[in-house]
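Structural characterization, general
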Amino acid sequence: MPTEQHRVTDEAGVEFTLGAKIAAGAQGAVYRVSGHPEYAIKLLNRPEDLEKIAAVRRLPLDGLPVAAPITLIRQGGHGYLMRLASDMTPIREPYLPSEVGPRETNAAWYLSTGGLKRRLAIAANMADSIAALHERGLAYVDLNPNNVMVSDDPARTETWLIDTDNLTSRTDPKWDLLGFPGYAAPERVTRHSPPSTLADTYILAIHVFRLLVLRHPLEGITADALDGDTARTLRDRGELPYVGDPSDDSNRLAQRSFPAGIFPIVMSGRMFQLAERTFVSGRLDPTKRPGSARWREVLFSALDNVIECASGCGWTYYRLRKACPNCGTPTPATTLVTVYPSWDDKPLTARDSFVVSDYRDTSVMPRHLWGRYDQLDPVVTLRPESDGLEVRAHDDASVVDGSGKVIIKIPKLSGNKVYRARLEVNDRPSRFLAVRSVQPA
């Protein structure tokens with residue numbers, strides 16, 4: 001296997017020097033490009049896999065945070081050049097303790113690596129990328145923790161998928177990649193089904209669970225009592241119960257463990273439902289699993305309803321909790337925006353709800369208003385001020401009151417008061433916003 005300073009040449013005759021290795025797997029290894037940290041090179045273990053990479057280059061990947069092949073390496077090795085942000089690390093290194101040791105028992109470590117809010121953001125970004133691939137008719141196939149890159153800076157949540165070798169729009173039952181240990185769909189491990197978007201979504205759900213709960217969703221007390229190889233085999237074949245199975249608690253999480261303690265704290269109600277559908281009825285029946293788009297919607301909604309502890313302890317948690325689960329400080333009133341398609345609905349059915357920050361700008365995004373995850377520019381920005389919220393509408397958007405007057409300030413609210421506004425954008429359905437101050441239930 002090549003080491004750092006090894007030189008390779010691509011199909012255009014450009015020479016590159018390999019830098020640090022950042023990921024490795026059964027199919028090859030990924031290296032930074034020396035002197036060009038925004039690029040990486042994957043060298044394949046099998047030269048014949050280069051044909052598959054040439055096919056991947058023809059897939060519709062524009063605009064996605066996916067490290068697609070740019071050019072093929074022909075000399076000094078066989079592989080491809082990809083673009084990649086320079087300050088990113090594979091997700092398994094800092095965030096998945098069951099992969100790297102006993103830190104899963106350390107609540108302080110959970111907080112220092114970003115806590116609930118950062119983990120939700122990474123999970124939502126991952127789901128967004130997978131859902132976008134699925135919407136283009138593509139399966140990712142190999143969603144393992146070496147292939148998900150996240151920002152080194154804990155204040156950022158940029159997330160990229162690398163190792164696009166196995167992307168496919170085909171359903172080939174002879175596909176040789178069955179899954180990465182701990183991140184595999186049972187029907188792939190048992191060779192009962194070809195790669196599919198539903199297999200991808202099962203693995204996505206494992207990532208979400210491990211990021212938040214710090215354990216595999218099938219690794220409870222039954223798995224802990226088995227020898228390691230047996231437990232891993234049964235887990236990957238889907239032959240152990242889900243740790244949160246409402247009708248079978250034989251494989252529940254140990255009550256005294258840190259993961260067991262955070263299970264009900266880090267999973268929202270809708271996330272519980274998705275996990276149950278995935279790992280109970282959908283564990284061995286892919287057709288019963290929720291899709292990646294549903295995971296994306298629920299994860300972003302959960303992220304939008306996370307608040308920071310008022311004491312400054314640094315913990316982030318869901319706004320409906322009455323107190324911070326870390327230090328016990330009571331949850332203060334929060335400003336909540338609820339989006340409705342119309343005021344005429346009886347009863348009113350909300351499209352989305354999200355918390356407005358007291359100390360930084362809050363963006364009202366196309367996903368809040370119309371469910372558009374492919375548009376990343378805010379439609380409206382809400383800026384907190386001492387006497388309320390400044391309203392900044394962007395481009396052709398406008399926020400108006402019942403008389404049609406443009407709103408530039410929403411007054412500070414208290415008690416049961418609700419401030420109502422209409423948001424209008426050319427060529428888009430109007431949306432109605434209800435702004436209120438809410439206390440935890």
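Attention here is on the structure that accompanies the text. What you see is a predicted model; the values in this text were computed from it and never measured.

As a further point, take helix α5 (residues 115-135). Helix length check: α5 (21 residues) gives 30 Å between terminal C-alpha atoms against 30 Å at 1.5 Å per residue, within 8%. Burial analysis of α5 places 18 of its 21 residues in the buried class, which makes it a mostly covered element. Phi for G137, located one or two positions after α5, is positive at around 80°.

Here we take up the nonpolar core. Among the nonpolar cores identified, the biggest contains 76 residues, and L120, L212 and M271 are the most heavily contacted of them. Excluding residues that lie within four positions of it along the chain, M271 makes contacts with L120, V208, L212, V266, W295, V298, L299, A302 and Y318. One finds L369, V380, A397 and I410 within the second-largest nonpolar core, a separate group that totals 23 residues.

For N144, the position within the fold is in the loop between α5 and β8 (148-151). You can call N144 buried: its relative accessible area is 3%. In this structure the side chain of N144 is engaged in a polar contact, spanning 2.7 Å, whose partner is the backbone nitrogen of N146. Non-local contacts of N144, meaning those with residues more than four positions away in its chain, are made with F180, Y183 and H207.

A separate point is the pattern of salt bridges. Applying the stated criterion to the full structure yields 23 salt bridges. E15 is the salt-bridge partner of R7, the closest N and O atoms lying 3.6 Å from each other. Residue classification places E15 among the partly exposed positions, given a relative accessible area of 48%. Note that R360 is salt-bridged to E308, the shortest N-O span being 3.7 Å. With R360 in the loop between β13 (352-356) and β14 (362-364) and E308 in strand β10 (residues 306-308), this pair connects stretches of sequence that are 52 residues apart. We classify R360 as partly exposed; its relative accessible area is 40%. Given the relative accessible area of 36%, E308 is considered partly exposed.

To continue, consider the packing of aromatic side chains. Following the criterion strictly, the structure yields nine aromatic pairs and no others. Aromatic pair F209 and F263: ring centres 5.5 Å apart, planes at 65°, arrangement edge-to-face. You can see F209 sitting in helix α7 (residues 197-213) and its partner F263 sitting in helix α10 (residues 258-266), a full 54 residues away along the chain. As far as burial versus exposure is concerned, F209 and F263 are alike and both buried. Plain terms: the ring middles of F263 and F272 are 5.2 Å apart, the flat faces sit at 50° to each other, and that makes the pair tilted. Overall, the relative accessible area of 11% leaves F263 in the buried class. By relative accessible area, which is 28% here, F272 ends up partly exposed. Taken together, Y202, F209, Y242, F263, F272 and F279 form an aromatic cluster joined through their ring pairs. The lysine or arginine in question, R119, covers the ring of W109, its NZ or CZ lying 5.2 Å from the ring centre.

This paragraph deals with the sheet that holds strand β19 (residues 418-424). Sheets are built from strands paired through backbone hydrogen bonds, the pairs being either parallel or antiparallel. What the five strands build is an open sheet, ordered β13-β12-β20-β19-β17; its pairing is antiparallel. If you trace the sheet from one side to the other, it starts and ends with β13 and β17 (398-400), each paired once. The sheet shows a mean angle of 30° between the axes of neighbouring strands, direction not considered. Pairing of strand β12 (residues 334-340) with strand β20 (residues 431-438), which is carried by seven bridges, proceeds in the antiparallel orientation. Among the inter-strand pairings, L336 is bridged to a residue of β20, identified as R436.

Our focus in this paragraph is helix α11 (residues 269-281). A rise of 1.5 Å per residue sets the reference length of α11, with its 13 residues, at 18 Å; its end C-alpha atoms lie 18 Å apart and thus fit the reference within 8%. Three or more residues of α11 are buried, namely M271, L274, A275, T278 and F279. What you see down the axis of α11 is that its buried residues fit within an arc of 105°, all on one side.

Spatial ordering of the open sheet is given by β7-β8-β9, a layout of three strands whose pairing is antiparallel. Each of the sheet's edge strands pairs with one partner strand only, and the pair in question is β7 (88-90) and β9 (159-161). Looking at each pair of strands side by side, their axes are set apart by 30° on average, direction ignored. On top of the sheet, α5 reaches β8 and β9; it is set at about 40° to β9, its chief contact.

Running from amino to carboxyl end, α11 crosses helix α12 (residues 292-303) at an angle of 155°, the nearest separation of the two axes being 9 Å. Taken together, the axes of α11 and α12 are roughly antiparallel relative to one another. In the crossing of α11 with α12, the sense of the turn from one axis to the other is left-handed. Residues R270, M271, L274, A275 and T278 of α11 form the contact with α12, whose participating residues are R294, W295, E297, V298, L299, S301 and A302. Residues that form the contact of α11 with α12 fall into these classes: seven nonpolar, two polar and three charged.

This paragraph deals with the pairing of strand β5 (residues 69-75). Two strands pair when backbone bridges link them, and strand β1 (residues 7-10) and β5 are joined in this way by two bridges, in the antiparallel orientation. Bridging from a neighbouring strand, T9 pairs with Q75 of β5. Pairing analysis gives four bridges linking β5 to strand β6 (residues 79-83), with the strands arranged antiparallel. When the bridges of β6 are listed, P69 appears paired with M82. Counting the residues that bridge the hairpin from β5 to β6 gives three residues, and of these G76 lies at a positive phi of roughly 80°.

Cut-off values and rules
Counting of residues starts from 1 at the beginning of each chain's written sequence and follows it residue by residue. Where totals are concerned, whole chains, interfaces and linings use all residues; where local detail is concerned, this predicted model gives features only for residues with pLDDT of at least 70, and gives and counts side-chain atom pairs only at 80 or more. Values reported for side chains reflect all heavy atoms of the structure, with hydrogen atoms and water molecules removed beforehand. The secondary structure listing takes helices from DSSP runs of H or I that are at least 4 residues long and strands from runs of E that are at least 2 residues long, numbered from the N terminus. Expected span of a helix: the number of residues minus one, times 1.5 Å. Think of it in three bands: residues with accessible area under 20% of the maximum for their type are buried, residues over 50% are exposed, and the middle band is partly exposed, with areas taken using a 1.4 Å probe on protein chains only. Among buried residues, the Ala, Val, Leu, Ile, Met, Phe, Trp, Tyr and Cys ones that are joined through side-chain atoms within 4.5 Å form a nonpolar core. In this description, contact between two residues means that some pair of their heavy atoms is separated by no more than 4.5 Å. Two N or O atoms form a polar contact when they lie within 3.5 Å of each other; inside protein one atom must be a possible hydrogen donor and the other a possible acceptor, and for residues adjacent in sequence the pair counts only when both atoms belong to side chains. Put simply, a salt bridge is a Lys or Arg side-chain nitrogen that is within 4 Å of an Asp or Glu carboxyl oxygen. What counts as a ring pair is set by centres within 6.5 Å for rings of Phe, Tyr and Trp (its six-membered ring), and what kind of pair is set by the plane angle: stacked under 30 degrees, edge-to-face over 60, tilted for all other angles. Only when the NZ of Lys or the CZ of Arg is both within 6 Å of the ring centre and within 35 degrees of the ring normal is a charge said to sit over the ring. Only when DSSP finds a minimum of two bridges between them are two strands counted as paired. Axes here mean lines fitted to C-alpha atoms, for a helix over just the part in contact, with angles spanning 0 to 180 degrees between N-to-C directions. An arc is given here, and it is the one of the directions from the helix axis to the C-beta atoms. Oblique is the label for any angle not covered by the other classes, which are roughly parallel (under 35 degrees), roughly antiparallel (over 145) and roughly perpendicular (65 to 115). Rotating anticlockwise by less than a right angle from the far helix to the near helix defines a left-handed crossing, while the corresponding clockwise rotation defines a right-handed one. The residue classification treats Ala, Val, Leu, Ile, Met, Phe, Trp, Tyr, Cys and Pro as nonpolar and Asp, Glu, Lys and Arg as charged. All others, Gly included, are polar.

By themselves, these are just geometric observations and shouldn't be taken as functional.
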